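Inside the fold
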Amino acid sequence: MAGGAVVGGGAHMEPVAETVRRLTDQGIDVVRIGYPDFIGTERGKDVLVERLPDVVEHGIAFCRAVYYTSPQGDVVPVPGGLDQGLPDVSIRPDLSTLVPLPWEPGVAACLGDTVDPATDAPFPEAPREVVRAAAARLGELGLTGVVGPELEYFLLEPDGAGWKRYDDAPGNVYVAGTKGDRSSHILRTLRTLRPMDLGVTMGNHEFASGQFEINLHHSEAVGAADRAFRFKTAIKELARRDGLLATFMAKPFNDEGGSGFHIHLSCADAEGHNVFADPAGPYGLSETARHAIGGVLAHAPALAALLNPTVNSYKRFGPDTLAPWLIDWGLDNRSAMVRVPPERGAASRFEVRLGDSSANPYLGIAGLLAAAYLGIRDRVEPPAPLEGYGYDTSKAPLLPSSLSEALDALAADDAFAEVLGKEFSTAYLTYKRNEVERFTQFITDWEFREYAYHL
C-alpha cells in the first residue's frame with residue numbers, strides 16, 4: 001500500500017506509514033484487530049506492525065460463518081454460510097480505535113469493520129454495522145442517541161474441576177475495598193482500564209456474592225457500543241490472567257440474582273442539546289422523550305430477543321428480582337422495565353432495565369435505538385407511569401417468558417426488524433432458533449436429579 005494512504009477519520013487521520021512509525025516508537029510491534037460476532041465474542045487476529053499497511057489496503061479474510069458459530073464451536077446452518085460453501089468476509093481495521101493494551105506489552109488493539117469482499121460494501125449482518133444503521137435512522141429525525149451502559153458480571157475462582165463465586169460471602173452489598181474483594185479486583189481493574197479510553201468511571205461489589213459492576217460514561221451510541229464491547233473483552237482477559245473466570249452470563253446460579261445490562265438513553269439535537277428535557281412538560285419530560293419511551297414499551301417483546309438473547313436469560317426475570325417482568329415504566333422506580341431517573345435538564349434520560357449482561361452490546365443498543373426511533377417517528381404515547389412497587393400483572397403486560405417467545409415477537413415486528421435490517425434479522429432469527437432447538441434436545445442435570453431415581 002502507498003505510504004501516503006490515510007486511516008481513521010477526523011483528528012485520527014494520518015498516513016498509515018506514520019501510524020506504523022508511531023507504534024514502533026512506542027515499542028509496539030503487534031496490532032490486534034478484533035470484531036464482534038453475533039453473540040458478542042471478540043474474534044480477531046494479531047498482525048505484525050510492519051504488515052499493517054497491507055492489512056489496511058486489503059483487509060483480513062475470515063470465514064463468514066464465524067458469525068454463525070455457536071459458543072461450542074459448531075457452525076449453525078444460517079443462509080450464506082454452509083450453504084454457500086463457507087465464503088469469506090473481509091475485516092478492515094478501524095485505526096481510529098487503536099489503543100495500547102495495558103496488560104499486553106508491545107500490543108495495540110483496534111476494532112475492525114466487516115465488508116463483503118466481492119462488493120466492498122459493509123456486511124449488513126455485522127453487529128457494528130447494525131448499530132450504525134439504527135443510529136442513522138435516528139439521525140434522519142435530526143437526533144443523536146446518547147447512551148450510558150451499565151454492566152454487571154460475576155467473578156469466579158477455581159473449585160476442583162469447576163468454578164465457585166470469588167470471595168463468596170453473604171451481605172457484601174455495594175461495598176468497596178477488600179470486604180468482598182480480597183484481591184482488590186475492582187481497584188486493579190479501574191487502574192488498568194483507565195488508559196484505554198473506555199470511559200470507565202467507578203466500580204464496586206454488586207448485590208450478589210462475587211458480583212461486580214464497573215460504570216462507563218455516556219457517549220454517542222456507536223461509540224458507547226464499542227466501549228461496552230471492549231470493556232467486556234478486557235474484563236474477561238484480565239480475569240483469565242488472574243486464574244479467574246469473569247462471566248457475563250445472565251443468571252449463572254440458582255441461589256443468586258442475575259447480571260443486568262442497563263442502558264441509559266437520551267437524544268441530542270444538532271446543537272448537542274438534550275431534547276428529552278422540557279420543564280413545562282409532564283414529569284419534566286419532552287414530547288420526544290415520552291414518544292421514545294412509548295416506542296420502547298411498544299417494541300419491548302421484540303427488543304427482548306436482543307437484550308435477553310439466551311435460553312438462560314429468562315431465568316433472571318420474575319417478581320421481586322429487581323429484573324423486569326412486565327412492560328411498564330416509572331419515575332425513579334427500579335421495579336419498572338423503564339426507569340426515568342430524577343435528574344432533569346441536560347441530564348434528562350431514561351434507563352432501560354430489560355437487558356442482561358449476556359447481550360451483545362452492539363445489538364442491544366441497536367435494538368434500543370430502533371425502538372426509540374419508531375416511537376418518536378410514530379408519536380407513540382406511553383401509558384401512565386407505574387406507581388409503587390411493580391410486578392403486578394393486572395397493571396401491565398408480561399414480557400416474553402422464554403427466548404422462543406422473544407424470537408417469535410422479533411419475527412412478527414416488521415417495523416422493528418426493518419430498522420435493524422432484514423438480512424441481519426433473518427440471520428439472527430435462524431441462529432437463535434437453532435440455539436433453542438439444541439437446548440430442548442439436551443438432557444439437563446435438573447431432569448436427571450428430578451426423575452432418574454424415582455421414575
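If you're wondering where the values come from, they're calculated on a predicted model, not measured in any experiment. Numbering of residues starts from 1 in each chain and follows the order in which that chain's sequence is written. Restriction of local features to residues with pLDDT of at least 70 applies here, the model being predicted, together with a cutoff of 80 or more for giving and counting side-chain atom pairs; totals for whole chains, interfaces and linings are based on all residues. Side-chain measures here rest on the full set of heavy atoms in the structure, leaving out hydrogens and waters.

A look at the UniProt feature "domain: GS catalytic" (unreviewed entry) in the protein chain
Note the cut-off: UniProt positions are given in the numbering used here, feature names are shortened, and annotations may be inferred rather than shown by experiment. What counts as a helix is a DSSP run of H or I of at least four residues, what counts as a strand is a run of E of at least two, and both are numbered from the N terminus.
Here, UniProt's "domain: GS catalytic" (unreviewed entry) annotation points to residues 127-455. Between the C-alpha atoms that bound residues 127-455 the distance is 46 Å, and the span itself is 38% helix and 16% strand.

Some points on the UniProt feature "domain: GS beta-grasp" (unreviewed entry) in the protein chain
Those places that UniProt annotates as "domain: GS beta-grasp" (unreviewed entry) correspond, in this numbering, to residues 26-119. As annotated, residues 26-119 comprises 7% helix and 43% strand, and the C-alpha atoms at either end are separated by 36 Å.

Observations concerning the nonpolar core
Rule in force here: Residues belong to a common nonpolar core when they are buried Ala, Val, Leu, Ile, Met, Phe, Trp, Tyr or Cys residues joined through side-chain atoms within 4.5 Å. The rule is simple: take the accessible area with a 1.4 Å probe, protein chains only, and divide by the maximum for that residue type; under 20% is buried, over 50% is exposed, in between is partly exposed.
Core analysis: the largest hydrophobic core is formed by 125 residues, its most contacted members being Phe231, Phe350 and Phe416. With 12 residues, helix α8 (residues 361-378) is the largest single contributor of residues to this core.

Observations regarding the pairing of strand β11 (residues 211-216)
Quick reminder of the rule: At least two DSSP bridges between two strands are needed for those strands to be called paired.
Of all six residues in β11, six are buried, a share of seventy percent or more. Of the two faces of β11, the one lined by Gln211, Glu213 and Asn215 and the one lined by Phe212, Ile214 and Leu216 are each fully buried. Note that strand β8 (residues 144-159) and β11 share five bridges and pair antiparallel. Within the sheet, the bridge partner assigned to tyrosine 153 lies in β11 and is phenylalanine 212. Pairing of strand β10 (residues 200-205) with β11, which is carried by five bridges, proceeds in the antiparallel orientation. Following the sheet pairing, asparagine 204 is matched in β11 by glutamate 213. What sits between β10 and β11 in their antiparallel hairpin is a turn of five residues, with glycine 210 showing a positive phi close to 75°.

With respect to the confidence of the model for the protein chain
Stated formally: As a per-residue quantity, pLDDT reports the predictor's confidence and falls between 0 and 100. We call two residues in contact whenever any of their non-hydrogen atoms come within 4.5 Å of each other.
Per-chain confidence: the protein chain averages 92 in pLDDT, with 97% of residues scoring 70 or above. Scored below 50 in pLDDT, residues 1-12 makes 27 contacts in the model with residues more than four places away or belonging to other chains.

Observations concerning a nonpolar patch on the surface
What counts here: Note on patches: the residues involved have over 30% relative accessible area and no salt bridge, like charges join within 9 Å, and the nonpolar side chains Val, Leu, Ile, Met, Phe, Trp and Tyr join within 5 Å. Here the open area of atoms and residues is found with the Shrake-Rupley method and a 1.4 Å probe, where only the protein chains shown may cover a residue. For this analysis, a salt bridge means a side-chain nitrogen from Lys or Arg found within 4 Å of a carboxyl oxygen belonging to Asp or Glu.
Residues Val75, Leu82 and Leu86 make up a contiguous nonpolar surface patch of about 220 Å² in total accessible area. Residue position: leucine 86 is located in the loop between β5 (60-63) and β6 (88-100).

Quick notes on unusual backbone geometry
Although it is not a glycine, leucine 86 sits at a positive phi angle of roughly 60°. Exposure remark for leucine 86: the relative accessible area of 37% places this residue in the partly exposed category.

What to know about the sheet that holds strand β7 (residues 107-115)
Selection criterion: Helix axes use the C-alpha atoms of the stretch in contact, all axes being lines fitted to C-alpha atoms, and the angles between their N-to-C directions lie in the range 0 to 180 degrees.
Reading across the sheet, the five strands line up as β4-β3-β7-β6-β5 and stay open at both edges, with mixed pairing between neighbours. Edge positions in the sheet fall to β4 (42-48) and β5, since each of these pairs with one other strand and no more. For this sheet, the mean angle separating the axes of adjacent strands, direction not counted, is 40°. Looking at chain direction, strand β3 (residues 30-36) and β4 are connected through seven bridges and run antiparallel. The residue bridging valine 30 from the neighbouring strand is leucine 48, located in β4.

Observations regarding the packing of helix α5 (residues 221-241) against α8
To keep things clear, this is the line we draw: Between 65 and 115 degrees an angle is taken as roughly perpendicular, under 35 as roughly parallel, over 145 as roughly antiparallel, and anywhere else as oblique. Take the far helix as your reference; a near helix turned counterclockwise from it by less than a right angle gives a left-handed crossing, and one turned clockwise gives a right-handed crossing.
Axis separation between α5 and α8 bottoms out at 8 Å; the angle between their running directions is 150°. Accordingly, the angle class assigned to the pair α5 and α8 is roughly antiparallel. Both α5 and α8 take part in a crossing whose hand is right-handed. Judged by residue contacts, Ala221, Ala224, Ala225, Asp226, Ala228, Phe229 and Lys232 of α5 engage Pro361, Tyr362, Ile365 and Leu369 from α8.

Comments concerning the side chain of asparagine 333
By the element assignment, asparagine 333 lies in the loop between β15 (329-331) and β16 (338-340). Using a relative accessible area of 13% as the deciding quantity, one classes asparagine 333 as buried. Residues within four places of asparagine 333 in sequence aside, it is in contact with Arg339, Leu386 and Gly388.

Side note on the side chain of arginine 339
Applicable threshold: By the criterion applied in these results, polar contacts are pairs of N or O atoms within 3.5 Å in which, for protein atoms, one can donate a hydrogen and the other can accept it, and in which residues neighboring in sequence qualify only through two side-chain atoms.
Looking at the element boundaries, arginine 339 is found in strand β16. Separated by 2.9 Å, the side chains of arginine 339 and aspartate 332 make a polar contact. What arginine 339 contacts, discounting residues up to four positions off in sequence, is His264, Gly330, Asp332, Asn333, Arg334, Phe350, Glu351 and Arg353.

Here we look at the pattern of salt bridges
One pass over the structure, following the stated rule, counts 31 salt bridges. Between arginine 43 and aspartate 37 there is a salt bridge, and its shortest N-O distance comes to 2.9 Å. Judged by relative accessible area, which is 23%, arginine 43 ranks as partly exposed. Among the residues examined, aspartate 37 registers a relative accessible area of 0% and is labelled buried. Ionic pairing is found between glutamate 351 and arginine 339, a salt bridge with its closest N-O pair at 2.8 Å. Residue glutamate 351 is located in strand β17 (residues 350-352), and its partner arginine 339 is located in strand β16; the two are separated by 12 residues in the primary sequence. Side by side, glutamate 351 and arginine 339 carry an identical accessibility label, which is buried. Sharing partners across several salt bridges, the network here consists of Arg32, Asp46, Glu104, Glu237, Arg240 and Arg241.

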